[in-house]
Amino acid sequence: MSKKVFLGVGHGGSDFGASKYLIEKDLNLSMAKYCKDYLVRNGVEVKMSRKKDENDPITDEIKECNSYDPDLAVDIHNNSGGGEGFEAYYHFKGGLSKTLASNIEREIVSIGQNSRGIKTKVNSYGKDYFAFIRETRCPSVIIEGCFVDNRKDSEKADELHEQKAFGEAYAKGILKTLGISVNDQSIKVGDKVTLLKNVQYGTNKPFKTYYNKYDVLAVIGDRVVIGIGKIVTAAVNIKNLKKY
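Residues numbered from 1 in each chain as written. Predicted model: local features only at pLDDT ≥ 70, side-chain atom pairs only at ≥ 80, totals over all residues. Heavy atoms only, no water.

### Overview of the nonpolar core
If you look at soluble globular proteins, the nonpolar side chains tend to sit buried side by side.
Alright, step 1. The biggest cluster of nonpolar side chains holds 39 residues, and the ones touching the most others in it are Leu7, Leu39, Val74, Ile104, Ile143, Tyr170 and Ile174.
Alright, step 2. Of all elements in the fold, only strand E1 (4-9), helix H1 (24-41), strand E2 (45-48), strand E3 (72-79), strand E4 (86-90), helix H3 (95-110), strand E6 (140-147) and helix H6 (160-178) reach the threshold of two or more residues within this core.
Alright, step 3. Looking at this core, the element that brings in the most residues is H1, giving eight residues.
Alright, step 4. Of all hydrophobic cores here, the second largest spans eleven residues; its members include Tyr214, Val216, Ile226 and Ile238. (Core = buried A, V, L, I, M, F, W, Y, C linked by side-chain atoms within 4.5 Å. Buried < 20%, exposed > 50% of the residue type's maximum accessible area, 1.4 Å probe, protein only. Helix = DSSP H or I, 4+ residues; strand = E, 2+ residues; numbered from the N terminus.)

### Digging into the environment of Lys172
Alright, step 1. Position of Lys172 relative to the elements: it lies in helix H6.
Alright, step 2. Under the relative-accessibility criterion, Lys172 is labelled partly exposed at 22%.
Alright, step 3. Here the alpha-carbon distance between Lys172 and Gly95, two residues 77 residues apart in the chain, equals 19 Å.

### Section: the packing of H1 against H6
Alright, step 1. Packing of H1 against H6 brings their axes to within 7 Å, and their N-to-C directions diverge by 50°. If you check the angle between H1 and H6, you find them oblique. For the element pair H1 and H6, the recorded crossing hand is right-handed. Here Leu27, Ser30, Met31, Tyr34, Cys35, Tyr38, Leu39 and Arg41 of H1 come into contact with H6, specifically with Leu160, Gln163, Lys164, Phe166, Gly167, Glu168, Tyr170, Ala171, Lys172, Ile174 and Leu175.
Alright, step 2. Its residues placed into classes, the contact of H1 with H6 shows twelve nonpolar, three polar and four charged. (Axes fitted to C-alpha atoms, helices over the stretch in contact; angles between N-to-C directions. Parallel < 35°, antiparallel > 145°, perpendicular 65-115°, else oblique. Left-handed = near helix turned anticlockwise from the far one by under 90°. Contact = heavy atoms within 4.5 Å. Nonpolar A, V, L, I, M, F, W, Y, C, P; charged D, E, K, R; others polar.)

### Details of the pairing of E2
Alright, step 1. Across the two faces of E2 the burial differs, with Val46 and Met48 buried and Glu45 and Lys47 not buried at all.
Alright, step 2. Where E1 and E2 come together, four bridges link them in parallel fashion. The partner of Leu7 across the bridge, within E2, is Met48.
Alright, step 3. Following the backbone out of E1, through H1 and into the adjacent parallel E2, one traces a crossover that is right-handed. (Pairing = 2+ DSSP bridges. Right-handed = clockwise from strand over helix to strand, strands pointing away.)

### Let's talk about the sheet that holds strand E9 (residues 223-228)
Where strands meet in a sheet, backbone hydrogen bonds hold them as pairs that are either parallel or antiparallel.
Alright, step 1. Pairing is antiparallel in the open sheet, where five strands are placed in the order E10-E9-E8-E7-E11. Whereas interior strands pair on both sides, the edge strands pair on one side only; in this sheet they are strand E10 (231-237) and strand E11 (241-243). Adjacent strand axes in the sheet meet at a mean angle of 45° when their direction is disregarded.
Alright, step 2. In this structure, strand E7 (residues 192-195) lies alongside E11, joined through three bridges in antiparallel fashion. Pairing of Val193 across the sheet is with Lys243, part of E11.

### What about helix H2 (residues 58-68)?
Alright, step 1. Every buried residue of H2 is accounted for by Glu61, Ile62, Cys65, Asn66 and Tyr68. Buried residues of H2, viewed axially, fall in a sector of 160°; they line one side. Projecting away from the buried face of H2 at angles above 90 degrees are the exposed residues Lys63 and Ser67.
Alright, step 2. Tucked into the core, H2 has its buried residues touching E1, E2, E3 and helix H4 (131-135).
Alright, step 3. Among the residues trailing H2, Asp69 stands out with phi positive, at a value near 55°. (Arc of directions from axis to C-beta.)

### A look at unusual backbone geometry
Alright, step 1. Positive phi, close to 65°, is recorded for His11, a residue that is not glycine.
Alright, step 2. For His11, the position within the fold is in the loop between E1 and H1.
Alright, step 3. With a phi close to 55°, Asp69 is a non-glycine residue in the positive phi region.

### With respect to the sheet that holds E4
Alright, step 1. Taken together, six strands build an open sheet; the order of strands is E2-E1-E3-E6-E4-E5 and the sheet is mixed. What marks the edges here is a single partner per strand, and that holds for E2 and strand E5 (115-119). Averaged over all pairs of adjacent strands, the angle between strand axes in this sheet comes to 15°, irrespective of strand direction.
Alright, step 2. Pairing geometry for E1 and E3, over five bridges, is parallel. In the sheet register, Val9 faces E3, and the bridge partner there is Ile76.
Alright, step 3. Here H1 sits on the sheet and contacts E1, E2, E3 and E6; the angle it forms with E3, its principal contact strand, is near 145°.

Coordinates in, geometry out; function isn't part of it.
Quick look at the structure:
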């Protein structure tokens, strides 16, 4: 059975979040989309709290997350207050929530972003301060990629390729926490590929192979349609392919 991840996309609609050099709600969504795409390519089922710019209150996020019943949940944000760097909050009792925060932090540092550390924050009742961490039923974290009101820090995420780097770093940390090996190859329509395992997508059912290489006809998440010329042979998981 596939692992499931819920991605909370902070703010949205009339709630802009933080803003100055960048608008947080837009940055959150961009990073979340890249994170989702990378997770899906590695066989993970993903649900996002929003896929466009719309109102997305935290109470709705939590209900949606608990209804989805994921293995892990990550609430994607960006920061303000004049600081610099990434930070993450995890459940005050630690456990897999802390492991997830640590794994994401490690990947973020590897792309050149500074880290302010992984942290906990409790309220006056000794419970987690943040509702997303306190009320979601699965291990969860809140991550803050950069400070949108710090020019130097915001410049690390003001281009799409940089937002992609953040999103994919988040995904790699999630995959490590789930115990899933990263498939980092990028396969696109028009590529030539060879089969590592000849089973049909979503099954263990093999299919006959007559060739050493195939054309990529379509890519939908982790599902790749292969064939010869325009003739379809099968749909297979991207993990079972290698570029020729």
